[in-house]
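Letter by letter, the chains look like this.
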Amino acid sequence: SAGNNSTSINGNKESVGNSNNSDNSGSADSLNTIGINFSAKKIEIQTKLIGTYNADNVLAALCIGTYFNIPIDKSVEAICEYTPTNNRSQMIKTNHNILIVDAYNANPTSMHASIDNFRSLNFEHKVLILGDMLELGGDSVEEHKKILELALSFATEHIYLVGKEFAKASRL
């Protein structure tokens, strides 16, 4: 989570983030529980979203719902029922594995957040599969190298790299 973000709509300003200076704050465990302090209420939300970085997204959604006079319990219910199917913040359980899928339109910031979250998960037999981040221009190899260094900085059984940009970065 990035910290404190402010939004102003028609002159009404609300701040969301993980800071004590925020009007509305929250944090998440590495799986899918988000603890929220929203409008002086403490709320625990069980989502189907994976990743600590989704706390700010949930806070923003609650603020927007409140602005449009949607009751907080209805907003929380909608967030709890939402199941991602777009290769973002997904947890898929198979008979033998738990897959964390966070791959759609990856960029250096989202990849870093996803790897940091993956690092915090307490699972045995962790394996990372990293695919190229596209459209990075002249910074591509350097950005892929940074992500690879981050991935190598913690214990995981295997790291698989997919794509030409990761192939170039792995040779540096």
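Above this text sits the structure in question.
### Concerning the packing of helix H1 (residues 55–67) against helix H2 (residues 72–81)
At a minimum axis separation of 9 Å, H1 and H2 run at an interaxial angle of 140°. For the crossing formed where H1 meets H2, the hand is right-handed. Residue-level contacts link Val58, Ala61, Leu62 and Gly65 of H1 to Ile72, Ser75, Val76 and Ile79 of H2. Its residues placed into classes, the contact of H1 with H2 shows 6 nonpolar, 2 polar and no charged.

### Focus on the nonpolar core
Proteins that are soluble and globular tend to have nonpolar side chains buried together. Among the nonpolar cores identified, the biggest contains 15 residues, and Met111, Ile115, Leu128, Leu130, Met133, Ile147 and Phe166 are the most heavily contacted of them. Where this core is concerned, the elements lending two or more residues are helix H3 (108–120), strand E8 (127–131) and helix H4 (140–152). Examining the composition of this core, we find that 4 residues originate from one element, H4, more than from any other. When neighbours within four sequence positions are excluded, Met111 is seen to be in contact with Ala106, Leu130, Gly131, Met133, Ile147 and Phe166. Counting residues in hydrophobic clusters, the runner-up holds 12 residues, among them Phe38, Ile43, Ile45 and Val58.

### A few points about a nonpolar patch on the surface
Together, Val127, Ile129, Tyr160 and Val162 make up an exposed nonpolar region whose accessible area comes to about 380 Å². Broken down by secondary-structure element, the contributors of at least two residues to the nonpolar patch are E8 and strand E9 (158–162). Assignment of secondary structure puts Val127 in strand E8.

### Quick word on unusual backbone geometry
Residues other than glycine seldom take positive phi values, yet Ser89 does so here, at roughly 55°. Tracing the sequence through the fold places Ser89 in the loop between H2 and strand E6 (90–93). Positioned with a positive phi, His125 is a non-glycine residue whose angle comes to about 60°. Along the chain, His125 turns up in the loop between H3 and E8.

The rules behind each value
- Residues numbered from 1 in each chain as written.
- Predicted model: local features only at pLDDT ≥ 70, side-chain atom pairs only at ≥ 80, totals over all residues.
- Heavy atoms only, no water.
- Axes fitted to C-alpha atoms, helices over the stretch in contact; angles between N-to-C directions.
- Helix = DSSP H or I, 4+ residues; strand = E, 2+ residues; numbered from the N terminus.
- Left-handed = near helix turned anticlockwise from the far one by under 90°.
- Contact = heavy atoms within 4.5 Å.
- Nonpolar A, V, L, I, M, F, W, Y, C, P; charged D, E, K, R; others polar.
- Core = buried A, V, L, I, M, F, W, Y, C linked by side-chain atoms within 4.5 Å.
- Buried < 20%, exposed > 50% of the residue type's maximum accessible area, 1.4 Å probe, protein only.
- Patch = residues over 30% accessible without salt bridge, like charges linked within 9 Å, V, L, I, M, F, W, Y side chains within 5 Å.
- Areas by Shrake-Rupley, 256 points an atom, 1.4 Å probe, with all protein chains shown as cover.
- Salt bridge = Lys/Arg side-chain N within 4 Å of Asp/Glu carboxyl O.

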